[in-house]
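Per-entry structural report
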Amino acid sequence: MIETSEIYTKFKALIFDLDGTLINSEPYHLKAWNELLKELGMPLMTYEYILSVGGIKSSEICRMMCEKAGRQDLDPVATASKKTGIYIEKYLNEVPLFDSIANFLIEGHRRGLKIAVATGSQLKETLSLLKRHGLYDMIEAVVSSDQVKHCKPAPDTYLEAAKRLNVAPKDCLVFEDTNVGLQGIKAAGMTALQVKGGKIISDFILP
């Protein structure tokens, strides 16, 4: 496994995914999705499924579910927006931080590294969570799914974060929990650390 000190000495910037990496939000996204799906009379989502699509834009997740359920009458963008509204209104304030991963962000900031968040979530909920957990003022760039043309697993989210930080991709280290995200990080030419449940579970994953 890695030497923790290398996180701060080998890179110029640290980039963090949000859901499942900095915050333990998947159980709350699941509640919001299933509340909406029940209302629509569609099959409910399992926890395993939400983990498998982690990092994918909500409207794309909705498109896949509607296609599978034969619900061509539903607009994926509008339906996903309704789910986001449920999540923000009912569950956002309950979502806890993964303190162990947030500590890397805090220490990186203290040491003068540039910090960004690159997420498949939308900007409104992302900013609300970062501010509520006291991290926002340490972050120089936030790139969300509604700010890029191609979301994860494309590299756009990560490349835009590096661009805003004015740091070359090779000098960025990304914390990410999903395989979807890791595909994008590799395509961006960045090094990754995979995390799960608030713990680092990999060595440095080179591009």
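So, a few notes on the structure that sits alongside this text. (Residues numbered from 1 in each chain as written. Predicted model: local features only at pLDDT ≥ 70, side-chain atom pairs only at ≥ 80, totals over all residues. Heavy atoms only, no water.)

1. Description of the packing of aromatic side chains
Counted under the stated rule, the structure contains three aromatic pairs. With 4.5 Å between their ring centres and 10 degrees between their planes, Phe 16 and Phe 175 make a pair best called stacked. Residue Phe 16 is located in strand β1 (residues 13-16), and its partner Phe 175 is located in strand β4 (residues 172-176); the two are separated by 159 residues in the primary sequence. Judged by relative accessible area, Phe 16 falls into the buried class, the value being 0%. Of the aromatic side chains, those joined through ring pairs into one cluster are Phe 16, Phe 104 and Phe 175. For Lys 83, the ring lying beneath its charged end belongs to Tyr 87, and the centroid distance is 5.1 Å. (Phe/Tyr/Trp six-rings, centres within 6.5 Å; stacked < 30°, edge-to-face > 60°. Helix = DSSP H or I, 4+ residues; strand = E, 2+ residues; numbered from the N terminus. Buried < 20%, exposed > 50% of the residue type's maximum accessible area, 1.4 Å probe, protein only. Lys NZ or Arg CZ within 6 Å of the ring centre and 35° of its normal.)

2. With respect to the pattern of salt bridges
Any two side chains of opposite charge can pair if their charged atoms end up close together. Tallied over the full model, the rule gives 12 salt bridges. Lys 152 is the partner of Asp 17 in a salt bridge, and the nearest nitrogen-oxygen pair spans 2.9 Å. On the criterion of sequence distance, the pair formed by Asp 17 in the loop between β1 and α2 (26-40) and Lys 152 in the loop between β3 (141-143) and α8 (156-165) is long-range, its members being 135 residues apart. Residue classification places Asp 17 among the buried positions, given a relative accessible area of 3%. Lys 152 gets classed as buried once you look at its relative accessible area, which sits at 4%. The partner of Lys 170 in a salt bridge is Asp 171, and the shortest N-O contact between them spans 3.4 Å. Residue classification places Lys 170 among the exposed residues on the basis of a relative accessible area of 60%. Taken together, the shared-partner salt bridges in this structure form one network comprising Lys 12, Lys 170 and Asp 171. (Salt bridge = Lys/Arg side-chain N within 4 Å of Asp/Glu carboxyl O.)

3. Some thoughts on the pairing of strand β5 (residues 191-196)
Across the six residues that make up β5, a large majority, five, are buried. With four bridges joining them, β4 and β5 adopt parallel strand pairing. Residue pairing in the sheet places Phe 175 in a bridge with Leu 193 of β5. Where the polypeptide runs from β4 across helix α9 (residues 179-187) and back to β5, its parallel neighbour, the crossover connection is right-handed. Bridge count for β5 against strand β6 (residues 199-200) is two bridges, and the pairing is antiparallel. Looking at β6, one finds that Lys 196 is bridged to Lys 199. Count of turn residues in the β5/β6 antiparallel hairpin: two residues, of which Gly 197 carries a positive phi of about 60 degrees. (Pairing = 2+ DSSP bridges. Right-handed = clockwise from strand over helix to strand, strands pointing away.)

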